[in-house]
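# Chains, contacts and geometry: an overview
This is what each chain is made of:
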Amino acid sequence: MSLLLKNVLHGGTRKDISIEKGRFVSIKDSDGGCDSPVAERCIDASGLAIFPAFFNAHTHAAMTLLRGYADDMPLQQWLQDYIWPYEDKLSDADIAAGSRLAVEEMISGGSCFFNDMYFGIEQTIKAVCDAGMRACIGITVMECHSQAVEDVKREFVEQFRDPSGGLIQLAIAPHAIYTVGKEKLRRSAEWARKYGLRLHIHLSETDREVQDCLREHAMTPVRYLDSIGFLGPDVVAAHCVHVDEEEWDILAERGVTAVHCPCSNMKLGSGRFPYELALKSGAKVALGTDGASSNNNLDMREEMKFAALLAKCVSAPSAEALVNEGVPTLLPASVVLEWATRNGAQAFGLDSGEIAEGKLADCVLVDLASPRMRPGHNALSDWVYSASAQDVAFTLCNGRVIYARPDYSGASI
């Protein structure tokens, strides 16, 4: 289906944007009119601004069912005493319900993609297909999984046929170094690379993880994974809070994408993401929400704001020496928007995350009439620092409208 967005604000000027076969094919200065002689559908976007849609690079979708269930406690206690026992009781029907709720929340907040790590993946895949969004669905690996379980997962990967027609990809997702042993980590990497899949893992989320790794392997988590040949450009590593300068250089050299989850890190008391070191290394960084049990929402717009503000809260003694231009400019709005959009898309091999001719048409249209988007000195700054997920009027994925706010649902010409 062809689509024309008329009079939409893009980069400070009004544009007419044409979409065909899932891509932006034309971005031209608006003529101010509303005629649409070619497009099958035309949206009057004169009260809207366009931005790339969000790519949520780390989450656990069905954990919407645990939102508010176990708050305000350290990560290990949270996992071992509350989360894992609760998850043991979840049925396929529960996973389906949690995934549908997550998808509804994400698309209404401007996300067109999420990178998931959970179980009951067939239920999550169905929810993604029904919504028309993109996703990378992780095949979770744990040390406690038997060989029979591993065989079932391998068979699933070998027989998988994307029911969405190209919007879904799979990943191999060993949970973390403290839940997966060395040999299974190596097999996970070999398995993923055999089938051309990405690897998705939690990494250096807490100081305890680092100290335990030092005690067991005499090296920190990044160095440990590098020593066993795990790291590479196909790896997406969530959190990376406790990573030193040399480790950031390793991540950059290996082409790993680190996923920053500021709200979850703060809520669980995991620590402050080392922005200065990450930026200095040139490593790839994307944004994620983590699960709704540790955030407690899947709002990527909110994640941008917290990421940008937390970057400016410098407590490390060495930070001043690493930031030449001053703390307030450490992570400007334009850069954090790239983390939430283009960087996430690139991490999964998707030609998206930008409003540009030839790119995949994954975008969000934001209501400029919202009080939070006025007086409108700088729409990009307003989107990062002051807006709300409620200001999303439309979310598009692959050139299709997958969400329209109720008061905009009939806004076609």
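Note: the structure precedes this text.
Residues numbered from 1 in each chain as written. Predicted model: local features only at pLDDT ≥ 70, side-chain atom pairs only at ≥ 80, totals over all residues. Heavy atoms only, no water.

## What about the nonpolar core?
Operational definition: Definition of nonpolar core: a set of buried residues of the types Ala, Val, Leu, Ile, Met, Phe, Trp, Tyr and Cys, connected through side-chain atoms within 4.5 Å. When a residue's accessible area, from a 1.4 Å probe over protein chains only, is under 20% of the maximum for its type it is buried; when over 50% it is exposed; and in between it is partly exposed. Counting from the N terminus, the helices are the DSSP runs of H or I reaching at least four residues and the strands are the DSSP runs of E reaching at least two.
Judged by nonpolar contacts, the single largest core of 100 residues is most densely connected at L225, F230, W248 and W383. If one sorts the elements of this core by residue count, helix α11 (residues 300-311) sits on top with 6 residues. With 19 residues, the next largest nonpolar core counts I27, L48, I50 and Y408 among its residues.

## As for the packing of α11 against helix α13 (residues 333-340)
Each pair of packed helices gets described by two things: the angle between the helix axes and the distance between those axes. In plain terms, the rule: Lines fitted to C-alpha atoms define the axes here, with helix axes fitted over just the stretch in contact, and angles between the N-to-C directions of these axes take values from 0 to 180 degrees. Orientation is classified from the angle alone, with under 35 degrees giving roughly parallel, over 145 giving roughly antiparallel, 65 to 115 giving roughly perpendicular, and any other angle giving oblique. Crossings are assigned a handedness: left-handed for a near helix turned anticlockwise from the far helix by less than a right angle, right-handed for a clockwise turn. Residues count as neighbours in contact if any of their non-hydrogen atoms are within 4.5 Å of one another.
Following both chains from N to C, one finds α11 and α13 inclined at 135 degrees, their axes separated by 10 Å at the closest point. Relative to α13, the element α11 lies oblique. In this structure, α11 meets α13 at a crossing whose hand is right-handed. Between α11 and α13, the contacting residues are M300, M304, A307 and A308 on the first element and V336, L337 and A340 on the second.

## Observations regarding helix α4 (residues 147-159)
For clarity, the cut-off: Given the number of residues in a helix, its expected span is that number minus one, multiplied by 1.5 Å. By construction, the arc corresponds to the directions joining the helix axis to the C-beta atoms.
The end-to-end C-alpha separation of α4 is 18 Å, in line with the 18 Å expected for 13 residues at 1.5 Å each. The complete set of buried residues in α4 reads E150, K153 and V157. Projected down its long axis, α4 shows its buried positions confined to an angular sector of 65 degrees, all on one face. Exposed and oriented more than 90 degrees from the buried face of α4 are A148, V152 and Q159.

## Remarks on the sheet that holds strand β11 (residues 235-239)
The cut-off we apply is this: Whether two strands pair depends on DSSP finding at least two bridges between them.
Sheet architecture is open: 8 strands sit in the order β6-β7-β8-β9-β10-β11-β12-β13, paired in parallel fashion. Across the chains shown, the open sheet's two edge strands, defined by having one partner strand only, are β6 (54-59) and β13 (284-287). Taken pair by pair, the neighbouring strands of this sheet meet at an average axis angle of 25 degrees, ignoring direction. In this structure, strand β12 (residues 257-260) lies alongside β13, joined through 4 bridges in parallel fashion. When the sheet's bridge partners are listed, H260 is paired in β13 with L287.

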